Amino acid sequence: MTTAPQTNPVERILMGPGPSTVPHRILRALSAPTLGHLDPQYLEIMDETCAMLRQVFRTQNPLTFPVSGTGMAGMECVATNLLEPGDEAIVCINGVFGTRMKDVMERCGATVHAIEAAWGDTFTHEQLAAALDAHPRAKLLGIVHAETSTGALQPLEGLSALCREKGALLVVDAVTSLGGHELRVDDWGIDAIYSGTQKCLSCPPGLAPVSFGERALAAMDARKTKPQSWYLDVSMLRKYYTGGSGGGGRVYHHTAPINMTYALREALAIVLEEGLEARIERHRQMHLRLRAGLESLGLAYIPKHSLHPLNCIHAPAGKDEAALRKSLLTDYGIEIGGGLGPMAGKALRIGLMGHTATTRNVDLLLAALRSLLA
Ligand SMILES: *Cc1c(COP(=O)(O)O)cnc(C)c1O
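Computed from a prediction, not measured in an experiment: that's the story for all the values here.

**Q** Explanation requested: the sheet that holds strand β3 (residues 88–93) in the structure shown.
**A** Think of a sheet as strands paired side by side through backbone hydrogen bonds, with each pair either parallel or antiparallel. In spatial order, the strands read β2-β10-β9-β8-β5-β3-β4; together these 7 strands make up an open sheet with mixed pairing. Among the strands making up the open sheet, the edge pair consists of β2 (63–68) and β4 (111–116). Taking the axes of each pair of neighbouring strands and ignoring which way they run, one obtains an average angle of 20° across the sheet. Where β3 meets strand β5 (residues 138–144), 4 bridges bridge the pair, whose relative direction is parallel.

This is the structure in structure tokens:
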């Protein structure tokens, strides 16, 4: 006779590149009774969720909703709806997620012009303007706001003016910045944006908030071909999430992930109760506290412009960084991340995302590191 494996993992403190620690309030919301996806109660919850997403994205875009799937589904959704074979795009690559964006956009049939910066660096507006000049047919410019693989923060203000001048859409990956860094979709003129739930929103992974502005909608309407993905086709999804253009009823497309919507709604309520400004400031304060502690241990940051929710440092010299991470996990129950790509084995990535970004966690990690490095 076999016994079913038990699902009661030991709790961890999630200080890696995501997921972050999920508040119990959100886990409780997940366990509410499952409703039908056309139940009026559920539609109200979905509408509230979309309204709160608009507040957190700081946008009025009617087409703002959670795509079913993780952050990568958000990336695929934006790419597949905005690009078709024959299109050109510019993608800014300074880490893993820019690299993936190029791959995803090429799979949509677009010719992608990559502009590159060293891992850990960011792009200047001069570099971006030169790329837009060099590729006047580019339909969009894709850029990562918070490059989780290197910990670098890309300034976005002023970029939309450059894009608009050249007729290109501004597409932004905000998976790690939403709810953790200042992000203003309307003020910054972002045309399409995607995020994820398990980083600074501290919700379990499973939904990808997206938002499309008017210029992105016009580009979708002007397509000659259908998006390659049926599942992520916004022209159909919007009939469910926004009730159709003329307000004419909801149309079944796929079964919405009902309980995940409860979780996201609760996560967004927590963000708005704290207040976006206060939350962003808390991430800043916790980053500064961690930075001071790490530097006093002789540990230096890799990027010049560090993210607050993700701290990427050089691995301690003469130490096996994988063994260090393993001791943190087994002895202290703390998860942190290692380096990716060219930084594998050479970097540590410490997340201070959402619910994880507390004085208690920062000081606990510093005490653990102090003891393990002694
Ligand atoms: C985590 C992450 C993604 C991918 O999200 P998943 O939820 O893992 O699919 C994309 N972009 C960035 C910047 C990320 O940090």
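Next comes the rest of the account.
**Q** Where do I start with empty space enclosed by the protein in this structure?
**A** Any empty space left between the atoms is revealed when a probe the size of a water molecule rolls over them. All chains considered together, the criterion is met by 2 cavities of 30 Å³ or more. Of the volumes computed, that of the largest cavity is approximately 50 Å³. Around the largest cavity, the lining residues are Val 56, Arg 58, Ser 177, Leu 178, Gly 179, His 181, Glu 182, Leu 183, Leu 276 and Ile 280. Residues of the lining of the largest cavity, tallied by class, amount to 5 nonpolar, 3 polar and 2 charged. By volume, the second largest cavity is sized at about 30 Å³. Counting residues per element, the ones that place at least two in the lining of the second largest cavity are β2 and α8 (234–241). Per-element tally for the lining of the second largest cavity: the top contributor is β2, with 3 residues.

**Q** Just checking my understanding: could you explain the site of the ligand for this structure?
**A** Within the structure, the ligand sits among Thr 70, Gly 71, Met 72, Phe 97, Val 144, Ala 146, Thr 148, Asp 173, Val 175, Thr 176, Gln 198 and Lys 199. Contact between the ligand and Thr 70: an oxygen atom at 2.6 Å from a side-chain N or O atom of the residue. In the environment of the ligand, an oxygen atom lies 2.7 Å from a nitrogen or oxygen atom belonging to the side chain of Lys 199. Surface burial for the ligand is 90%, taken as the share of its 380 Å² of free accessible area covered by protein chains. The residue makeup of the shell around the ligand, split by class, is 5 nonpolar, 5 polar and 2 charged.

**Q** Sorry, what's going on with the pattern of salt bridges here?
**A** For side chains bearing opposite charge, pairing can occur when the charged atoms are close. For the structure shown, the criterion picks out 23 salt bridges. Asp 87 is the partner of Lys 139 in a salt bridge, and the nearest nitrogen-oxygen pair spans 2.8 Å. Here Lys 139, found in strand β5, pairs with Asp 87, found in the loop between α3 (71–82) and β3; they are 52 residues apart in sequence, far enough to count as distant. Lys 139 sits in the buried class, given a relative accessible area of 18%. Asp 87 sits in the buried class, given a relative accessible area of 13%. Arg 282 serves as the salt-bridge partner of Glu 274, at 2.7 Å between the closest nitrogen and oxygen. Three or more residues are tied together by salt bridges with common partners; here these are Arg 25, Glu 48, Arg 265, Glu 266 and Glu 273.

**Q** Just checking my understanding: could you explain helix α5 (residues 125–134) for this structure?
**A** Structurally, the α-helix is built with 3.6 residues per turn, so residues lying three or four positions apart point the same way. Listing the buried residues of α5 in full gives Leu 128, Ala 131 and Leu 132. Along the axis of α5, the buried residues cluster in a sector spanning 100°; they form a single face. Exposed residues lying more than 90 degrees from the buried face of α5 are Glu 126 and Ala 134. In this structure, the buried residues of α5 make contact with β3, β4, β5 and α6 (159–165).

**Q** Looking at this structure, I do not really get unusual backbone geometry. What am I missing?
**A** Note: most peptide bonds trans; most residues except glycine with negative phi. The omega torsion across Gly 18 and Pro 19 is 0°, close enough to zero to call that bond cis. Even without being a glycine, Arg 58 presents a positive backbone phi close to 55°. Relative to the helices and strands, Arg 58 is located in the loop between α2 (40–57) and β2. Backbone geometry at Ser 202 places phi at a positive 55°, although glycine is not the residue there.

**Q** In this structure, what is going on with the pairing of β2? I would like to understand it.
**A** Most of β2 sits out of view: 6 of its 6 residues are buried. When β2 meets strand β10 (residues 207–212), the two strands line up antiparallel, connected through 6 bridges. Of the residues in β10, the one forming a bridge with Pro 66 is Pro 209.

Criteria and thresholds
- Every chain begins its residue count from 1, and numbering advances along the sequence as written.
- Thresholds applied to this predicted model are a pLDDT of at least 70 for local features of residues and 80 or more for the giving and counting of side-chain atom pairs; totals over whole chains, interfaces and linings are not thresholded and use all residues.
- Heavy atoms throughout the structure, all of them, feed into the side-chain values; hydrogens and water do not.
- Any two strands with at least two DSSP bridges between them are considered paired.
- Secondary structure elements are defined from DSSP: runs of H or I of at least 4 residues count as helices, runs of E of at least 2 residues count as strands, and each element is numbered from the N terminus.
- Throughout, an axis means a line fitted to C-alpha atoms (over the contacting stretch in the case of helices), and angles, computed between N-to-C directions, take values from 0 to 180 degrees.
- Space inside and on the surface of the protein is sampled on a 1 Å grid over the protein atoms alone, with a cavity defined as a set of points where a 1.4 Å probe fits but cannot get out and a pocket as an open set with protein on both sides within 12 Å along at least 5 of 7 lines; lining residues have an atom within 4 Å of a point.
- Grid points are joined across faces, edges and corners, and a volume is the space filled by probe spheres set on the points.
- Only Asp, Glu, Lys and Arg are considered charged in this grouping, and only Ala, Val, Leu, Ile, Met, Phe, Trp, Tyr, Cys and Pro are considered nonpolar; every other residue, Gly among them, is considered polar.
- Residues are counted as near a molecule or strand when any one of their heavy atoms sits within 4 Å of it.
- N or O atoms within 3.5 Å of each other form a polar contact, as long as, within protein, one can give a hydrogen and the other can take it, and as long as residues adjacent in sequence are counted only when both atoms are side-chain atoms.
- Computed with the Shrake-Rupley method and a 1.4 Å probe, the accessible areas treat only the protein chains shown as cover for residues.
- Salt bridges, as used here, are contacts in which a Lys or Arg side-chain nitrogen is within 4 Å of a carboxyl oxygen on Asp or Glu.
- Throughout, exposure labels follow a simple rule: accessible area from a 1.4 Å probe, protein chains only, divided by the maximum for the residue type, with under 20% read as buried, over 50% as exposed, and the rest as partly exposed.
- Summarising the geometry, the arc corresponds to the directions from the helix axis toward the C-beta atoms.
- For this analysis, residues touch if any pair of their heavy atoms sits within 4.5 Å.

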